[in-house]
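Read off the chains here:
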Amino acid sequence: MTFALVTCIGALVTDGAFAQSRRTAKKYLSRSSLRPDVQLSIRPQFGEMFSKTVFGRRMSSPPLSVWKTQAGVMFVASSFLGPLCDGRHSAHDVLHYSATGIAGAPLILKSPNGHILLETCWWVPPAFGLAGIILGTAHPLLDRLNGVPRPTPGWPATLLCIACFVGSYELSGVLAEAAASSTHDFMTLDLPLLLSAACIFLAFERSAGGLFMCALLFVIGPLVEIGLINVLHLYAYTHPDLYGVPSWIPQVYAAGGPAVGALGRKVLDELALRAENAEELGQGNLQRLALLNKNGQLHLNCPMAPKVAK
């Protein structure tokens, strides 16, 4: 419950940032005689909660090379963060990987007193990386399909959203470990995780596409785990409820949607901006080269430029 309250406070802060970004977008659109599909953007500072980006060319159609680079970044980030979060479940004795399965023995790191710090297997990072590509690409694509201006999250908001998701992951392990010694209580296990997922969505997402992705994760995530557990026998939950998975795991999947979506949007925005800057720099160099005369002298379009003797 405490984590849900903290997330609600974060919702109040980011709500003001969302409102300010939308007011900025409307101001620039109202003062401009350009069509709504024309690029209007301001480079965000690191400390800004949301970048002041108006729905335009960079948001609607980044080059394919930008999407490919974004997919690579999302794969690396998700491959690193995913196993760390998953390892918290093993640390709380929620799940353990099979030592005799088709994937081989897991990697287990323990503290000097024998407590598990990290438990994972070779296929876990690529699996999380693939999921990161899908989610990180789907969210900005759905934003463009909806055709609704959406401010790109700044790095503080993005990192805060990821931190809340990691906190929700840790919370699920703590609550599941505490519930293992007693009867499964929906009010003390499933409900807090459901509230935390809802608060993360309301604080950082609040879009139709994001809601669709949360619902999809809520359903698809457990179904994939059922196959990994019952068909491939790669790992097992200590206290499953239905078909080898616990009843609270869908809430954890839903909480991850806004976090990966925010990172996907921010990475895409940064890469698209760099591509634009590189393109503008290249065009500027071509214009300067076009000013070279036959003698290789550069004519500067400036009143103070020295005259070149013929």
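Residues numbered from 1 in each chain as written. Predicted model: local features only at pLDDT ≥ 70, side-chain atom pairs only at ≥ 80, totals over all residues. Heavy atoms only, no water.

## Structural notes on the overall build of the chain
Basically, it comes down to this: Helix and strand assignments come from DSSP, with helices taken as H or I runs of at least 4 residues and strands as E runs of at least 2, each series counted from the N terminus. Burial classes: relative accessible area under 20% of the type maximum marks a residue as buried, over 50% as exposed, and values in between as partly exposed (1.4 Å probe, protein chains only). In this description, accessible areas are obtained by the Shrake-Rupley approach with a 1.4 Å probe, and a residue is regarded as covered only by the protein chains that are shown.
Per the secondary structure count, the chain includes 8 helices and 6 strands. What you see in the chain, going N to C, is helices and strands ordered as α-β-β-α-α-β-β-β-α-α-α-α-β-α. Buried residues in the chain amount to 44% of all 310 residues. Of the roughly 16,700 Å² of accessible surface on the chain, 68% is carried by carbon and sulfur atoms.

## A closer look at the nonpolar core
Which entries qualify depends on this criterion: Note on terminology: a nonpolar core comprises buried Ala, Val, Leu, Ile, Met, Phe, Trp, Tyr and Cys residues joined through side-chain atoms within 4.5 Å. By definition, residues are in contact when any of their heavy atoms lie within 4.5 Å.
Core analysis: the biggest nonpolar cluster contains 48 residues, and Tyr97, Trp123, Tyr235, Tyr237 and Trp248 have the highest contact counts within it. Counting residues per element, the ones that place at least two in this core are helix H3 (64–91), strand E3 (95–97), helix H4 (124–146), helix H5 (155–179), helix H6 (190–204), helix H7 (208–230), strand E6 (235–237) and helix H8 (249–290). With residues up to four places along the chain from it excluded, the contact list for Trp248 reads His89, Val94, Ser172, Ala176, Leu189, Asp190 and Leu193.

## A few points about the side chain of His139
As a reminder of what qualifies: Here a polar contact is taken to be a pair of N or O atoms separated by no more than 3.5 Å, where protein atoms must pair a possible hydrogen donor with a possible acceptor and residues adjacent in sequence count only if both atoms sit in side chains.
Along the chain, His139 falls in helix H4. Here the side chain of His139 touches Gly257 through a polar contact of 3.4 Å, landing on its backbone oxygen. Aside from chain neighbours lying at most four places away, what touches His139 is Glu205, Gly210, Met213, Gly257, Gly261 and Arg265.

## Thoughts on unusual backbone geometry
With a phi angle near 60 degrees, Asp93 is a residue other than glycine that sits in the positive phi range. Take Asp93: it is sitting in the loop between H3 and E3. Taking relative accessible area as the criterion, Asp93 reaches 41% and is therefore assigned partly exposed.

## Some remarks on the state of the cysteines
As a reminder of what qualifies: Note on terminology: disulfide denotes any pair of cysteine sulfur atoms within 2.5 Å.
The final tally for this structure, using the stated rule, is 0 disulfides. Between Cys214, a cysteine without a disulfide, and Cys161, which holds the nearest cysteine sulfur, the sulfur-to-sulfur distance is 9.4 Å. Its relative accessible area of 10% is what places Cys214 among the buried residues.

## Details of the packing of aromatic side chains
The line we're drawing: Pairing of aromatic side chains here covers Phe, Tyr and the six-membered ring of Trp, requires ring centres within 6.5 Å, and sorts the geometry by plane angle: under 30 degrees stacked, over 60 edge-to-face, intermediate tilted.
For the structure shown, the criterion picks out 6 aromatic pairs. Summarising the aromatic geometry, the rings of Trp123 and Tyr235 are spaced 6.3 Å apart at their centres and angled 25 degrees between planes, so their arrangement reads as stacked. Here the residue Trp123 occupies a position in the loop between strand E5 (116–120) and H4, and Tyr235 occupies one in strand E6, the gap between them amounting to 112 residues. The pair Trp123 / Tyr235 is uniform in exposure class, with both members buried. When the centroid spacing of 6.1 Å and the interplanar angle of 70 degrees are considered together, the rings of Tyr235 and Tyr237 count as edge-to-face.

## Side note on the packing of H4 against H7
The packing of two helices is summarised by the inter-axis angle and the distance between the axes. The test is simple: Lines are fitted to the C-alpha atoms to define the axes, a helix being fitted only along its stretch in contact, and any angle between axes, read from their N-to-C directions, falls within 0 to 180 degrees. Each angle gets one of four labels, with under 35 degrees taken as roughly parallel, over 145 as roughly antiparallel, 65 to 115 as roughly perpendicular, and the rest as oblique. Note on convention: near helix rotated counterclockwise from far helix by under a right angle means a left-handed crossing. Clockwise means right-handed.
Contact geometry for H4 and H7: axes closest at 8 Å, N-to-C directions at 140 degrees. Relative to H7, the element H4 lies oblique. The hand of the H4/H7 crossing is right-handed. Here H4 contributes Leu135, Ala138, His139, Leu142 and Asn146 to the contact with H7, which in turn contributes Ala208, Gly209, Gly210, Phe212, Met213 and Leu217.

## Observations concerning the environment of Asn113
Tracing the backbone shows Asn113 in the loop between strand E4 (107–110) and E5. A distance of 3.2 Å separates the side chain of Asn113 from the backbone nitrogen of His115, its partner in a polar contact.

## Side note on H6
The cut-off we apply is this: To estimate how far a helix should extend, the number of its residues minus one is multiplied by 1.5 Å.
The first and last C-alpha atoms of H6 sit 21 Å apart over 15 residues, in line with the 21 Å expected at 1.5 Å per residue. Most of H6 is tucked away, with 11 of its 15 residues classed as buried. Arg206 lies just past H6 and shows a positive phi near 50 degrees.

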